Amino acid sequence: AYGESYGKGEFAGFDEMFPTVSRCYYEAEPWSGIEAPDHGELWTIPWKAEVEGDEVTLSVSGTRFPYTLEKKVHLEGNKLVARYRADNLSGFPLDYIWAAHPLFNASEGMRFIVPQGMNRAINAVPGPTLGAYGRRLDFPLTQGADGGEIRLDRVPPRNSLGYQKYWFAEKVTEGWCMLRDDSRSLTIGLAFPKEQVPWLGMWLNEGGYEGQYNIAPE
């Protein structure tokens, strides 16, 4: 249903988080005080899909805020290419956050690879693995909530307690990241223009949230 918590969703697919990531209230006029739902509006709104040649165009309109978002998708060899366009339908500036939210199955030992120079992160969700919200973390080796060392670039064994969500403290040094499963010789890479998408975060569910075992570079 529209505006529901993400915890009531099906934990699958590639959602677009827009015009926000977390549930919050818009600050500026003329929408001051309007609530923006958890994970944004678009993951709970039906999209329109059109196929022309080898390209699929997906489009959707905002409910509480006046905008449209369009995503054009096509294949280039072994690459899935997505191009985005957002249009503000009002005469006022519209503040927003956009984040890709592709959810992948996790496997023990899977590596999260980022460009060199991205060495610091900030804990985004309090939890048993990383401790309090806002904790400063080293990457890839950091101190966990229990005082022991953990690797943020490795998926741990599935367990019933753990989950992680963090942002890198500085802008990306290059516009890419990768997931690597050495046991299956499988690599999935995400590439993006760093001038337009300067920040990177990670959600890793070790099994502690709704029993799911998955990973999402955001």
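Summary of the structure given here. (Residues numbered from 1 in each chain as written. Predicted model: local features only at pLDDT ≥ 70, side-chain atom pairs only at ≥ 80, totals over all residues. Heavy atoms only, no water.)

### Remarks on the sheet that holds strand β5 (residues 55–61)
Phase 1: The strand order across the open sheet formed by four strands is β4-β5-β6-β7, and the pairing between neighbours is antiparallel. Two strands lie at the open edges of the sheet, namely β4 (48–52) and β7 (79–88), each paired on one side alone. Adjacent strand axes in the sheet meet at a mean angle of 20 degrees when their direction is disregarded.
Phase 2: Here strand β6 (residues 67–76) runs beside β7; their pairing, made up of ten bridges, is antiparallel. Counted as the bridge partner of Thr-68 is Asp-87 from β7. (Pairing = 2+ DSSP bridges. Helix = DSSP H or I, 4+ residues; strand = E, 2+ residues; numbered from the N terminus. Axes fitted to C-alpha atoms, helices over the stretch in contact; angles between N-to-C directions.)

### Side note on the nonpolar core
Phase 1: By size, the foremost hydrophobic cluster in this structure holds 24 residues, and its most contacted members are Phe-112, Val-114, Tyr-166, Phe-168, Leu-200 and Ile-215.
Phase 2: Listed by contribution, the elements that provide at least two residues to this core are β15 (163–168), β16 (176–181) and β18 (201–205).
Phase 3: Look past the residues within four positions of Ile-215 in its chain and what remains in contact with it is Pro-102, Leu-103, Phe-104, Asn-105, Ala-106, Met-110, Val-155, Leu-179, Met-202, Trp-203 and Leu-204.
Phase 4: Among the nonpolar cores identified, the runner-up in size contains eleven residues, and Phe-18, Tyr-26, Val-60 and Tyr-67 belong to it. (Core = buried A, V, L, I, M, F, W, Y, C linked by side-chain atoms within 4.5 Å. Buried < 20%, exposed > 50% of the residue type's maximum accessible area, 1.4 Å probe, protein only. Contact = heavy atoms within 4.5 Å.)

### A closer look at the layout of surface pockets
Phase 1: As a volume, the second largest pocket reaches approximately 390 Å³.
Phase 2: If you trace the second largest pocket, you find 23 residues lining it, with Tyr-6, His-39, Val-125, Lys-165 and Trp-203 closest to the centre.
Phase 3: Listing elements by their share of the lining of the second largest pocket, those giving two or more residues are β15 and β18.
Phase 4: Per element, the largest residue contribution to the lining of the second largest pocket is three residues, and it comes from β15.
Phase 5: Residue classes in the lining of the second largest pocket are distributed as eleven nonpolar, eight polar and four charged. (1 Å grid on protein atoms, 1.4 Å probe; cavity = no way out; pocket = protein on both sides within 12 Å on 5 of 7 lines; lining within 4 Å. Points joined across faces, edges and corners; volume = space filled by probe spheres on them. Nonpolar A, V, L, I, M, F, W, Y, C, P; charged D, E, K, R; others polar.)

### With respect to empty space enclosed by the protein
Phase 1: Counted under the stated rule, the structure contains one cavity of 30 Å³ or more.
Phase 2: Size it by volume and the largest cavity reaches roughly 30 Å³.
Phase 3: As for the largest cavity, its lining consists of Met-110, Phe-112, Leu-152, Asp-153, Arg-154, Val-155, Tyr-166, Met-202, Leu-204 and Ile-215.
Phase 4: Among the residues forming the lining of the largest cavity, the class breakdown is eight nonpolar, no polar and two charged.

### Structural notes on the pattern of salt bridges
Phase 1: All told, the structure shown has twelve salt bridges when counted by the stated rule.
Phase 2: The partner of Arg-180 in a salt bridge is Asp-182, with the nearest N and O atoms 2.9 Å apart.
Phase 3: Each of Arg-111, Arg-180 and Asp-182 takes part in a single network of salt bridges with overlapping partners. (Salt bridge = Lys/Arg side-chain N within 4 Å of Asp/Glu carboxyl O.)

### Section: the sheet that holds strand β11 (residues 120–123)
Phase 1: Strand order in this open sheet of six strands is β9-β19-β18-β15-β11-β12, and the pairing throughout is antiparallel. Strands with a single pairing partner mark the edges of an open sheet, and in this sheet they are β9 (104–105) and β12 (136–138).
Phase 2: Relative to β18, β15 runs antiparallel, the two sharing five bridges. Counted as the bridge partner of Trp-167 is Gly-201 from β18.

### Here's the deal with the side chain of Asn-205
Phase 1: By the secondary structure assignment, Asn-205 is in strand β18.
Phase 2: A polar atom in the side chain of Asn-205 sits 3.0 Å from the backbone nitrogen of Gly-207.
Phase 3: When neighbours within four sequence positions are excluded, Asn-205 is seen to be in contact with Gly-162, Tyr-163, Gln-212, Tyr-213 and Asn-214. (Polar contact = N/O pair within 3.5 Å; in protein donor to acceptor, adjacent residues only side chain to side chain.)

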